[in-house]
Every structure is written in C-alpha cells, then in structure tokens.
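Residue-level structural notes
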Amino acid sequence: MKRLKVIVTRAREQVEPLATRIEALGHEVVRCPLIELVPAGPAEVDVAGYDWVVVTSPFGARELLRRARGELSRVAAIGPGTAAALREGGVEPAFVPRVSTQEGLAAELPDPEGRVLFAGAELARRHLVDALAADFVPLYRTHGLRPEPPPHGDLVVLASASAAEAFGALHLELPAVSIGPETTRAAGAAGVRVVEEAETHDLDGLVAAVARAAV
C-alpha cells in the first residue's frame, strides 16, 4: 500500500472520525473542510401526528432532537452515522436501511403508508418527499468554502455532493474517493475524477475505499 497525503473535506464538526481512521491506515491527512453546516428553518419542529420522521445526516439528527416539539414517534436514520447521532441524543432509531441512500431508505421503510416528515438540509434532494408523499422541513443549509491557499495532496475524500461541488470549484487535478452514487454524480458534473466509490455509504465504506485507492 502506498502512503498517500489524503485531503478530507467534511465539515469541521464531522472531519475528525474520518481523518483519524485514515491516519490509522498509515496515510497523512490534510484536514480541509470544504462545507459549513448552518442551522436553518423553524425554531421548533412539530413532530406530533407523524408515523415516521426521517433524517439523513448526523447534523440533521442533532438539529431535529434540539427542535422537536410533540411526541416523537418512529425515527428513521439513513445510515449508521445518523443513527449514532440519534442514540447520542437519547433516541433509538426505529429503522436504518441496508442501503444508506434516499432511494434505499424509501424502498426499505416499513409501513410507509402513514404520515412521514423528512427533516433535512434546505436544498436536499426531494426523492423521499416524492417517494413517500412526505412533508419536508429544513433544518440546516450547506455553504461551500474556498480555502486559501488550496490544499495539496494525492487523493481527496468526498463525503457529500456539496463537498464534491466545492472541490470541483477549486480546479485541482486530484483523484477522488466518493461516499456514494449521488456524490459521484456531483463530482463528475464538477469535473472531478472519482477512482473509488464506497461500497457501503458510511464511514466504514469510505475508509475501505481509501484503502483500495492506495493499492
């Protein structure tokens, strides 16, 4: 395995778990957040009457728990990281899909006929809204960041479509590892070459993809 300088682009509050895991593989890590997550939307979220509340990121899970009013029934988390954030806040997720994408969650959600609330990023894709006839409430917005000077490295790790777009705006000719299909599509549209895509769309999948890229 080659020793690489790996650029990790997650938001500042999310960067450390991934960076530490990559360093454990023997790589040098450049911590370079390319997105910033900012709370947005209503000060309170009325969850009463919903059969399911769906969250799709750890930040969104924490914001939901901070603002939820009324009885919180069943909460679905898109993946392990989001589920862990719910548990840290004292809520056990009722459902985590095998495939950590909006499509996977919509396809696997049990009893989806009830009232569903999707609580997520302001500009999140609306697949869950359409597939589940869900209501939507924004909890945060994502801002792209432009570091000066731009980062130097051998490989960049992209854990969201927003990070892919922000990295593409830097016009750096570096290969990328992507967390999943949506991020890979955004990277391609931004002119970024993805050399490995995580097989599971979570932290474990990203770390394994970095390991494959270093062979």
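Residues numbered from 1 in each chain as written. Predicted model: local features only at pLDDT ≥ 70, side-chain atom pairs only at ≥ 80, totals over all residues. Heavy atoms only, no water.

**Observations concerning the overall build of the chain**
The cut-off we apply is this: Only DSSP runs of H or I with at least four residues qualify as helices, and only runs of E with at least two residues qualify as strands; both kinds are numbered from the N terminus onward. To get the radius of gyration, use the C-alpha atoms; to get the globule rule, take the number of residues to the power 0.38 and multiply by 2.2 Å. Relative accessibility under 20% of the residue-type maximum defines a buried residue, over 50% an exposed one, and the middle range a partly exposed one, all with a 1.4 Å probe and only protein chains included. Here, two residues are considered to be in contact whenever any of their heavy atoms come within 4.5 Å of each other. Surface accessibility in these figures is a Shrake-Rupley result with a 1.4 Å probe; residues are shielded only by whichever protein chains are displayed. Lys and Arg are tallied as positive, Asp and Glu as negative. Neither His nor the chain termini are counted. Just so you know, the charge point we use is NZ for Lys, CZ for Arg, CG for Asp and CD for Glu.
A count of helices and strands for the chain gives eight helices and twelve strands. Against the globule reference of 17 Å for 215 residues, the chain gives a C-alpha radius of gyration of 17 Å, in line with a compact fold. Each of the three principal axes of the chain carries a C-alpha extent, and together these read 50 × 30 × 30 Å. Per-residue burial over the chain gives 49% buried out of 215 residues. Considering only residue pairs separated by 6 or more positions, the chain has 49% of its internal contacts joining residues 24 or more positions apart. For the chain, the accessible surface area stands at approximately 10000 Å², while carbon and sulfur atoms represent 51% of it. Taken together, the 22 basic and 29 acidic charged side chains of the chain have centroids lying 4 Å from each other.

**Digging into the pattern of salt bridges**
The test is simple: Between Lys or Arg on one side and Asp or Glu on the other, a salt bridge is scored when a side-chain nitrogen of the former is within 4 Å of a carboxyl oxygen of the latter.
Evaluation of the coordinates by the stated rule reveals 13 salt bridges. A salt bridge links Glu16 to Arg31; the shortest N-O distance between them is 2.8 Å. Linking Glu16 in helix 1 (residues 15-24) with Arg31 in strand 2 (residues 28-31), this pair joins segments that are 15 residues apart in sequence. The salt bridge partner of Glu92 is Arg87, with a shortest N-O separation of 3.1 Å. Overall, the relative accessible area of 54% leaves Glu92 in the exposed class. Relative accessible area serves as the criterion here: at 44%, Arg87 is assigned to the partly exposed category.

**Concerning the sheet that holds strand 3 (residues 35-39)**
Just so we agree on the cut-off: A pair of strands is considered paired only if DSSP assigns at least 2 bridges between the two. With axes taken as lines fitted to C-alpha atoms, and helix axes fitted only over the stretch in contact, angles between N-to-C directions fall between 0 and 180 degrees.
Reading across from one edge, 3-9-8-5-7 is the order of the five strands in this open sheet, with mixed pairing throughout. In the strand order of this sheet, the two ends are held by strand 3 and strand 7 (74-77), each with one partner. For this sheet, the mean angle separating the axes of adjacent strands, direction not counted, is 25°. Across five bridges, strand 8 (residues 116-121) lies against strand 9 (residues 135-144) in parallel orientation. Directly across from Ala119, in strand 9, lies its bridge partner Val137. In this fold helix 2 (residues 58-67) packs onto strand 3, strand 5 (52-55), strand 8 and strand 9, with an angle of close to 130° to the strand it touches most, strand 9. Here helix 3 (residues 80-88) sits on the sheet and contacts strand 5 and strand 7; the angle it forms with strand 7, its principal contact strand, is near 140°.

**Some details on the pairing of strand 12 (residues 194-197)**
In summary, the side chains of a regular strand alternate between the two faces of the sheet. Defined as follows: A crossover gets the label right-handed when its path from the first strand over the helix to the second runs clockwise, viewed with the strands pointing away from the viewer.
Bridge count between strand 11 (residues 176-178) and strand 12: three bridges; the pairing is parallel. Note on strand 12: the bridge partner recorded for Ser178 is Glu197. Where the polypeptide runs from strand 11 across helix 7 (residues 181-189) and back to strand 12, its parallel neighbour, the crossover connection is right-handed.

**Quick look at the nonpolar core**
Test applied: The nonpolar core is taken to be a set of buried Ala, Val, Leu, Ile, Met, Phe, Trp, Tyr and Cys residues, with the residues joined through side-chain atoms within 4.5 Å.
Core analysis: the largest hydrophobic core is formed by 54 residues, its most contacted members being Leu64, Leu105, Leu158 and Phe167. Filtering out sequence-adjacent residues up to four positions away, Phe167 remains in contact with Leu34, Val156, Leu158, Leu172, Leu174 and Val192. Among the nonpolar cores identified, the runner-up in size contains 19 residues, and Val8, Ala159, Val177 and Ala213 belong to it.

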